[in-house]
Structure formats: C-alpha cells, structure tokens
Amino acid sequence: RDPWGYGNEDGPDAWHKDYPIAQGNRQSPIDIIPEEAVHDASLSPIFLSYDYCNSINIYNNGHSVIVEFDDTDDRTVIRGGPLDNAYRLKQFHFHWGGKGNHGSEHTVRGKTYASELHLVHWNAAKYKTFGEAAAGPDGLAVIAIFLEKGDEHRGLHKITDAFYMVKFKGSVADFKGFNPKILLPNSLVYWTYPGSLTTPPLHESVTWIVLKEPITVSEKQMGRFRMLLISGEEEDDRTRMENNFRPPQPLKGRKVRASSN
Ligand SMILES: CCCCCNS(=O)(=O)c1cc(S(N)(=O)=O)ccc1C(=O)O
Ligand SMILES: [Zn+2]
C-alpha cells in the first residue's frame, strides 16, 4: 500500500484510492452546527475514571505524536454518556496546523481551532483485542478536546517538553506517570455522533464525544509541536509535522446529539 500522509499527492483527497471507506456514510471529522444538534435529556454525563491512569511511552509514528497507556485492565476507563459500557484508554494524540488558528479536525459552525486532542478508548467488554474493536461498529470511543490559541497550558508542558525525545518518525521514549485528566476543560458538556477514525484505515468504529469547552495553548507551545518531523532520522529530508488534520466530511443524515451537562 502507498504510504498515506497529508501532502498534495498522499493527502486526504487521495486516501479513498487505498481506503474506499473514505467515501462511506459515517466518516469523521464533521462540522458541528450547535443549533442543529438534538438536545437529548437522556444523555447522561460522561464519567472519566482516570485516577489510576498511567502512561507508558510517547512516540512519533510519522503522522502524529502519541502517548500510550497500559490497557490490560479497567483501571483507566470512560463510561456513561452515549456509551453502553466502560471503554479503556489506549492512547492519546494530537492534530494541529501550521501558523494561525487552523489545525483542528472537527469544526464548530466552520470555526477551526489551533489543535485537537484525541483520547482513544476501546470497548474491552465486547471485543477481545484493540484491533478487533477498532474494526467493530461500537468498538471505539474518542474524546475530542479543542486547543484554542491563548495562555499557555501548564498541563501541556510535560508533553511538549518531551517532544525533543521523539523528533523523528519511528522514535519512542519512556513517558511514565502522565495523567491526562489535567488536560480536561472545566466542563464535560459534549456533542456526540457516530463516526470513524480520521486517519487510514478510516474504520467506521468510533463513537465521537466532542467537548464544547476548549483548553488553551500558547503560540510557544504550538511551536514545540511543529518541531516534530515526519521524516526518519536516517532520511535526508527534514519535513515538519504540521497540518496533520483531515477536513470535515459529509454528515450523510447523521444526528449530532448535545448533552445538557
Ligand atoms: C487496527 C487498526 C487501528 C488503527 C487505529 N488506531 S488508533 O490508535 O485508534 C488511531 C486513531 C486516530 S483518530 N484521529 O482518533 O481517529 C488516529 C490515529 C490512530 C493510530 O492508529 O495511531
Ligand atoms: Zn486523531
């Protein structure tokens, strides 16, 4: 398979050639229009049980920077909201732009943010492995948090300070003891809709939970994201990792629901 990316030749408009599901009926991200979201009083709050959460490592896969967690038991799960059972945290990663305030994947009435954080969870109650869950219709639940340009975020410092260790594609470093609950905004009010992975293989297996309230990130911190490279250490080129976001996809009749708290 051709390696996919975010450039002119290998970017989102070309993905359908290797991944025809790219033109499917529940693709992500989407543009969220708050006035059109269905207010569903039956949607309970999201519960994040992140207290015993422990990160393992941080790595650069050439598409994003990823922090991985130990998902061998139910110590770090989310439940409630649109979910029928507990989903285990597997990893989190980011999407971001170049300069300015574009870079998020979801948009709100066309508004883009400088970056978007994705906390990826899988349905270990129903699927034996993450890989199986990633291919099942209710296998994954991803919490999306917008990062808006503004004051620096103290919780993000530990992550951006670790980026020098994973500058090159394929690099991995120990990254223990990081608890992502410090990255959460004050409010867990959310929108939710059935969607997909936003990168190949684009499986339509994700229940998206997009938090309404963004967290802030400073221009200096965003600069740290852009020092990451998509190139491997042994390659001659030094291509920055930036604009690694897929644009909004057709809603195709899907309903976006809004929580009340
Ligand atoms: C078995 C194939 C799994 C592919 C999906 N893996 S993932 O961790 O859910 C993921 C989600 C997403 S996203 N943006 O949350 O849909 C992006 C990248 C990856 C990744 O593979 O690193
Ligand atoms: Zn993502």
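Here the structure is a predicted model, which means the values were calculated and not measured.

1. Comments concerning the overall build of the chain
When helices and strands are tallied, the chain shows four helices and 15 strands. Its C-alpha atoms give the chain a radius of gyration of 17 Å, within 12% of the compact-globule value 18 Å for 261 residues. Referenced to the eigenvectors of the C-alpha coordinate spread, the extents of the chain come out at roughly 55 × 40 × 40 Å. Looking at the chain as a whole, 52% of its 261 residues are labelled buried. For the chain, restricting intrachain contacts to residue pairs at least 6 apart in sequence, the fraction spanning at least 24 positions comes to 71%. Working note: accessible area of the chain is about 11,800 Å², and carbon and sulfur atoms make up 51% of it. Charged side chains of the chain number 30 positive and 34 negative; the gap between the two group centres comes to 3 Å.

2. Thoughts on the site of ligand 1
The environment of ligand 1 is made up of 15 residues, and the closest members are Gln91, His93, His95, Leu197 and Thr198. At 3.3 Å, a side-chain N or O of His93 approaches a nitrogen atom of ligand 1. A distance of 3.2 Å separates a nitrogen atom of ligand 1 from a polar atom in the side chain of His95. Out of a free accessible area of 520 Å², ligand 1 has 80% covered by protein chains. The set of elements that each furnish at least two residues to the shell around ligand 1 consists of β7 (87-96), β9 (115-122) and α2 (130-134). Sorting elements by how many residues they give to the shell around ligand 1 places β7 first, with three residues. For the shell around ligand 1, the per-class residue count stands at seven nonpolar, seven polar and one charged.

3. Thoughts on the pattern of salt bridges
Pairing between side chains of opposite charge can happen when their charged atoms approach one another. Under the definition given, this model contains 12 salt bridges. Its salt-bridge partner being Asp40, residue Arg257 comes within 3.0 Å of it at the nearest N-O pair. Of this pair, Arg257 sits in strand β15 (residues 257-258) while Asp40 sits in the loop between β2 (38-39) and β3 (46-49), and the two are 217 residues apart along the sequence. Residue Arg257 is classed as partly exposed on the basis of its relative accessible area of 29%. The exposure class of Asp40 is buried, given its relative accessible area of 16%. One salt bridge connects Asp74 with Arg88, and the closest N-O pair in it is separated by 2.5 Å. Highlighted residues: Asp74 in the loop between β5 (65-69) and β6 (77-80) and Arg88 in strand β7, separated in sequence by 14 residues. Residue classification places Asp74 among the partly exposed residues on the basis of a relative accessible area of 45%. A relative accessible area of 16% means that Arg88 is categorised as buried. Linked through salt bridges whose partners overlap, the residues forming this network are Asp70, Asp73 and Arg75.

4. A few points about the coordination of the zinc ion (ligand 2)
Each donor-metal-donor angle would ideally measure 109.5 degrees in four-coordinate tetrahedral geometry, or 90 or 180 degrees in six-coordinate octahedral geometry. Every protein donor of the zinc ion (ligand 2) is listed here as His93 (NE2), His95 (NE2) and His118 (ND1), and their distances to the metal cover 2.0 Å. For the zinc ion (ligand 2), the four donor atoms in the first shell make angles of 100 to 114 degrees at the metal, so the coordination geometry reads as tetrahedral. Positions of the donor residues of the zinc ion (ligand 2) along the chain correspond to the pattern H-x1-H-x22-H. Look at His95 and you get buried, because its relative accessible area is 2%.

5. A word on the confidence of the model for the chain
For the chain, the average pLDDT comes to 96, and 99% of its residues sit at 70 or higher. Our summary of model confidence lists the complex with pTM equal to 0.98 and ipTM equal to 0.97.

So, how was this worked out
- Throughout this document, residue positions are counted from 1 along each chain, in the order its sequence is written.
- Each chain gets a letter, beginning with A, and each ligand a number, beginning with 1, in the order they are written.
- Since the coordinates come from a predicted model, pLDDT governs what is reported: local features require at least 70, and pairs of side-chain atoms require 80 or more to be given and counted, while whole-chain, interface and lining totals use all residues.
- Computation of side-chain values: all heavy atoms of the structure, hydrogens and water removed.
- Put simply, DSSP marks the helices as runs of H or I at least four residues long and the strands as runs of E at least two long, and each gets a number from the N terminus on.
- Our radius of gyration looks at C-alpha atoms and nothing else; its globule reference is 2.2 Å times the residue count to the power 0.38.
- Only protein chains enter the accessibility calculation, which uses a 1.4 Å probe; a residue is then buried when its area is under 20% of its type maximum, exposed when over 50%, and partly exposed in between.
- In what follows, a contact means two residues having at least one pair of non-hydrogen atoms within 4.5 Å.
- Using a 1.4 Å probe, accessible areas were evaluated by the Shrake-Rupley method; residue-level cover was limited to the displayed protein chains.
- Counted charges follow a simple rule, with Lys and Arg positive, Asp and Glu negative, and His plus the chain ends left uncounted.
- Note that the charge is assigned to NZ on lysines, CZ on arginines, CG on aspartates and CD on glutamates.
- Near residues are defined by distance, with any heavy atom within 4 Å of the molecule or strand qualifying the residue.
- Polar contact is defined as a pair of N or O atoms within 3.5 Å, subject to the rule that within protein one atom must be able to donate a hydrogen and the other to accept it, and that residues adjacent in sequence are counted only when both atoms are side-chain atoms.
- In this classification, the charged set is Asp, Glu, Lys and Arg, the nonpolar set is Ala, Val, Leu, Ile, Met, Phe, Trp, Tyr, Cys and Pro, and all remaining amino acids, among them Gly, are polar.
- The salt bridge definition used is simple: a Lys or Arg side-chain nitrogen within 4 Å of an Asp or Glu carboxyl oxygen.
- Coordinating N, O and S atoms are those within 2.8 Å of the metal (3.2 Å for Na, K and Ca), and as water is not part of the atoms, a site may appear to have fewer donors than expected.
- Under this scheme a four-donor centre is tetrahedral when all angles range from 85 to 135 degrees, a four-donor centre is square planar and a six-donor centre octahedral when opposite donors are above 155 degrees with the rest from 65 to 115, and any other centre is irregular.
- pLDDT is defined as a per-residue confidence score from the predictor, taking values between 0 and 100.

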